[in-house]
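These are the residues of each chain, in order.
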Amino acid sequence: MAIGHLYSAHDGNLLVEVNYRLIADNDNGWWGELVLADKKPLKEGDSYLILLEDGRKGRCFLRKKVNRAVQGLSPLYCYIFRGNGDLRN
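Just so we're clear, the structure is a prediction, and the values are computed from it rather than from any experiment. (Residues numbered from 1 in each chain as written. Predicted model: local features only at pLDDT ≥ 70, side-chain atom pairs only at ≥ 80, totals over all residues. Heavy atoms only, no water.)

A. A look at the environment of D11. Take D11: it is sitting in the loop between β1 (2–8) and β2 (14–26). In this structure the C-alpha to C-alpha distance between D11 and Y48, which are 37 residues apart in sequence, comes to 10.0 Å. A polar contact of 3.2 Å, which involves the side chain of D11, links it to the side chain of S8. From its side chain, D11 meets the backbone nitrogen of N13 in a polar contact 3.0 Å long. (Helix = DSSP H or I, 4+ residues; strand = E, 2+ residues; numbered from the N terminus. Polar contact = N/O pair within 3.5 Å; in protein donor to acceptor, adjacent residues only side chain to side chain.)

So this is what it looks like as structure tokens:
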């Protein structure tokens, strides 16, 4: 998985580092999966900005996929992120 950053779309503040996998990037939009590096409450359906490892960025929306509890560690939340438009540099 690649390392990226998730920002608030409202004020541009960094929220959390993420491990992500971009699954599709085509004319219909782009989407992938991400896991938060730190336990941080995020609202599903809110608008976020994601900065990818290669410098591209775009506005996306999150949907919680599953609550993955790892034995002995805090639960990690896996999200599906979706965006439309071009990922830009």
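B. Quick peek at the side chain of S8. In this fold, S8 is placed in strand β1. Separated by 3.2 Å, the side chain of S8 and the backbone nitrogen of H10 make a polar contact. Apart from the residues within four sequence positions on either side, S8 is in contact with N13, L15 and L49. (Contact = heavy atoms within 4.5 Å.)

C. Local environment of the nonpolar core. In terms of nonpolar packing, the biggest core is built from 18 residues, with L6, L34, I50, C60, L62 and F81 touching the most fellow members. At the level of secondary structure, the elements contributing two or more residues to this core comprise β1, β2, β3 (29–36), β4 (47–51), β5 (57–68) and β6 (76–83). Ignoring anything within four residues of it in the chain, the contact list for I50 reads H5, L6, W30, L34, R56, K57, G58, C60 and F81. (Core = buried A, V, L, I, M, F, W, Y, C linked by side-chain atoms within 4.5 Å. Buried < 20%, exposed > 50% of the residue type's maximum accessible area, 1.4 Å probe, protein only.)

D. Up close: the pattern of salt bridges. This model, assessed by the stated rule, comprises three salt bridges. For the salt bridge of R21 with E33, the shortest nitrogen-to-oxygen distance reads 2.8 Å. Placement of R21 in strand β2 and of E33 in strand β3 is noted, with a sequence separation of 12 residues between them. What makes E33 buried here is its relative accessible area of 13%. Where D54 meets R56, a salt bridge forms, and the shortest distance between an N and an O atom there is 2.9 Å. (Salt bridge = Lys/Arg side-chain N within 4 Å of Asp/Glu carboxyl O.)

E. Fine view of the pairing of β3. In terms of residue burial, β3 counts as a mostly covered element, since seven of its eight residues are buried. Where β2 lies against β3, eight bridges are found, and the strand directions are antiparallel. The residue bridging Y20 from the neighbouring strand is L34, located in β3. Linkage of β2 to β3, two consecutive antiparallel strands, is achieved through a turn of two residues. (Pairing = 2+ DSSP bridges.)

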